[in-house]
Amino acid sequence: MDPDEQPDDDPQRPPRAPFVPSEAWIEAFDAQCTEHRLKVLRRYASSWARVVGGDTGSDYAEELVQVALTDILRGVLRWDPEAEELEPFLISVIRLRARRDRKIAARYEHVFIDSFDPDDPAFIELDASLATGMGGAEAVDPLMDRMHTQLRGRVADYPQAQRFLDAVRHGAVTKPQIMRLASLTHNEFSNARRRLARLVAQLTPGRVPSTEGGES
Amino acid sequence: MKRNGKRPSENADSPHPLETLLAHVSQESIDPLDDANASVWARGVRTKVDAQLAALRRQLNPARPLPRRAARISDELVSLGREDLLARLEILRKIPEVRIAHLELSGLTTDDLRQLVAEIEATERTQA
């Protein structure tokens, strides 16, 4: 995490302008980078890594979050607090990096997760993904399609959760969009989300729980 | 997301529905043990973030030298009148290192003269 841990010691590399964020930027980051949000991001990275990547440990997920934070604080990735809140921005970064890592993992035997080097071809690929929105989706979409469908089958007895999944399938992203498209009240949304969280916690790559007995 | 002036549109950067679902269910804490571990981890991360934010703040507001305080005027100088102060300045003016910017001292008030003598004597003491 410490920027001084990885000095730029390549004499060939032109010096990068120092990142000097405004006081407002620092205050916004300070206010939005709460422990609660860090835990949400860890859960997101962890569930992505487990469900799509097959990684059941927490180390990779924690590293994804920490590296994303470091890159923002170093100015490697530019977050604009006036355009977007920190949490969705970080979720996008984590999502695209996790996709990239999975793509690389599928190609090579070992994947090293480290702080990003902006001149690294892998980073340039990620940056292009961030810019175009491609994100290497082709590598993981079939698996995610299958898991989403299987998950829907698991909530056949829970219409609100089914409508939640259908709304997401039809492009709803935010809570208001899902509530509107699925015709869910706040309580119904929360209950469906909790039910789905329990099911997702049991998901492993390519497999969904065969019974609901494991749910609590 | 913006880098080098590029920012994708919301439509272009659309997550897979399963990823959207994961983002929503991540708001739910359903495993108390994992939540406890996550709390410890989050506190550690936040501590490191605090250190990095402090560094950014220092970079934004580097420590500035404190403004120099005016020399203290001694009781002795307070007791001196204008003529005594001018005489004192004449003595100080003969010291090679002393340069007085004011060519015409008559334009200075008695308080100005007192402050001038105090400043010169304080500088002399510092350099001695």
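As the structure is a prediction and not an experimental result, all values here were calculated from the model. (Residues numbered from 1 in each chain as written. Chains lettered and ligands numbered in written order. Predicted model: local features only at pLDDT ≥ 70, side-chain atom pairs only at ≥ 80, totals over all residues.)

Asks: Would you explain the overall build of chain A in this entry?
Replies: From N to C terminus, chain A includes 9 helices and 0 strands. When its helices and strands are written in sequence order, chain A yields α-α-α-α-α-α-α-α-α. Considering only residue pairs separated by 6 or more positions, chain A has 63% of its internal contacts joining residues 24 or more positions apart. (Helix = DSSP H or I, 4+ residues; strand = E, 2+ residues; numbered from the N terminus. Contact = placed C-beta atoms within 7 Å.)

Asks: Honestly, the overall build of chain B in this entry has me stumped. Any pointers?
Replies: For chain B, the count of helices and strands is 5 helices and 0 strands. Order of helices (α) and strands (β) in chain B, N terminus to C terminus: α-α-α-α-α.

Asks: What is the right way to look at the interface of chain B and chain A in this model?
Replies: Accessible area lost upon the coming together of the parts serves often as the stated size of an interface. Counting residues at the interface gives 39 residues for chain B, matched by 50 residues for chain A. When contributions to the side of chain B that touches chain A are tallied by element, the ones reaching two or more residues are α1 (17-25) and α2 (32-60) of chain B. A per-element tally of the side of chain B that touches chain A places α2(B) first, with 15 residues. A class-by-class count of the residues in the side of chain B that touches chain A yields 19 nonpolar, 9 polar and 11 charged. (Nonpolar A, V, L, I, M, F, W, Y, C, P; charged D, E, K, R; others polar.)

Asks: Could you clarify how one ought to interpret the confidence of the model for chain A in this entry?
Replies: Parts of the prediction with low pLDDT should not have their coordinates interpreted in detail. Residue and element names in this part refer to chain A. When pLDDT is averaged along chain A, the result is 79, and 71% of the positions lie at 70 or above. Every residue in residues 1-8 scores below 50 in pLDDT, and together they form 6 contacts with partners more than four places removed in sequence or on other chains. Below a pLDDT of 50 lies the segment residues 206-216, which in the model reaches 11 contacts outside its immediate sequence neighbourhood of four places, other chains included. (pLDDT = per-residue confidence, 0-100.)

Asks: What is the right way to look at the confidence of the model for chain B in this model?
Replies: All names here are of chain B. The share of residues in chain B with pLDDT of 70 or more is 84%, and the mean pLDDT across the chain is 82. Confidence, expressed as mean pLDDT per element, reaches its minimum in chain B at helix α5 (residues 110-127) with 85 and its maximum at α1 with 94. Note that pLDDT drops below 50 for residues 1-12; the model gives that stretch 21 contacts with residues more than four away or on any other chain.

Asks: Help me out: how do you make sense of the nonpolar core in this one?
Replies: Soluble globular proteins tend to pack their nonpolar side chains together in the buried interior. Counting residues in hydrophobic clusters, the biggest one holds 55 residues, and the most contacted among them are Ala45(A), Ile94(A) and Phe164(A). By residue number, the principal contributor to this core is helix α2 (residues 35-51) of chain A, which donates 8 residues. Those residues in contact with Phe164(A), other than ones at most four positions away along the chain, are Ile178(A), Ala182(A), Leu184(A), Ala192(A), Arg193(A) and Leu196(A). Leu113(B), Leu116(B), Val117(B) and Ile120(B) belong to the second-largest nonpolar core, a separate cluster that totals 5 residues. (Core = buried A, V, L, I, M, F, W, Y, C linked by C-beta atoms within 7 Å. Buried ≥ 20, exposed ≤ 12 C-beta atoms within 10 Å, placed from the backbone.)

Asks: Please explain α2(B) as it appears in this structure.
Replies: For the α-helix, the turn length of 3.6 residues means that residues three or four positions removed from each other point alike. Counted at 1.5 Å a residue, the expected span for α2(B) with its 29 residues is 42 Å, and the 41 Å between its end C-alpha atoms agrees. For α2(B), the full list of buried residues reads Ala38(B), Ala42(B), Val45(B), Val49(B) and Leu56(B). For α2(B), the secondary structure elements touched by its buried residues are α1 (23-32), α2 and α3 (59-74) of chain A. (Expected span 1.5 Å × (residues − 1).)

Asks: Help me understand α1(B) in this model?
Replies: With 9 of 9 residues buried, α1(B) lies mostly within the body of the structure. As for α1(B), its buried residues are in contact with α2, α4 (86-107), α6 (141-154), α7 (159-169) and α9 (186-201) of chain A.

Asks: How should unusual backbone geometry be read in this particular structure?
Replies: Backbone geometry follows two general trends: most residues other than glycine have a negative phi, and most peptide bonds adopt the trans configuration. Positioned with a positive phi, Ser183(A) is a non-glycine residue whose angle comes to about 55 degrees. Of note, Ser183(A) is situated in the loop between α8 (175-182) and α9.

Asks: For this particular structure, what's the right way to read the packing of α3(A) against α4(A)?
Replies: Axis angle and axis distance: for two packed helices, these are the angle between their axes and the distance between the axes, and together they describe the pair. Residues and elements named next belong to chain A. Packing of α3 against α4 brings their axes to within 10 Å, and their N-to-C directions diverge by 120 degrees. In terms of axis orientation, α3 runs oblique to α4. In this structure, the crossing between α3 and α4 has a hand that is right-handed. Mapping the contact onto sequence places Leu64, Val65 and Ala68 in α3 and Leu90, Val93, Ile94, Arg97 and Ala98 in α4. In terms of residue class, the contact of α3 with α4 is built from 7 nonpolar, no polar and 1 charged. (Axes fitted to C-alpha atoms, helices over the stretch in contact; angles between N-to-C directions. Parallel < 35°, antiparallel > 145°, perpendicular 65-115°, else oblique. Left-handed = near helix turned anticlockwise from the far one by under 90°.)

Asks: Which parts of the structure should I look at to understand the environment of Ser47(A)?
Replies: Assignment of secondary structure puts Ser47(A) in helix α2. In this structure the C-alpha to C-alpha distance between Ser47(A) and Ala197(A), which are 150 residues apart in sequence, comes to 9.7 Å. Excluding its chain neighbours within four sequence positions, the residues that come into contact with Ser47(A) are Val200(A), Leu22(B), Val25(B) and Ser26(B).

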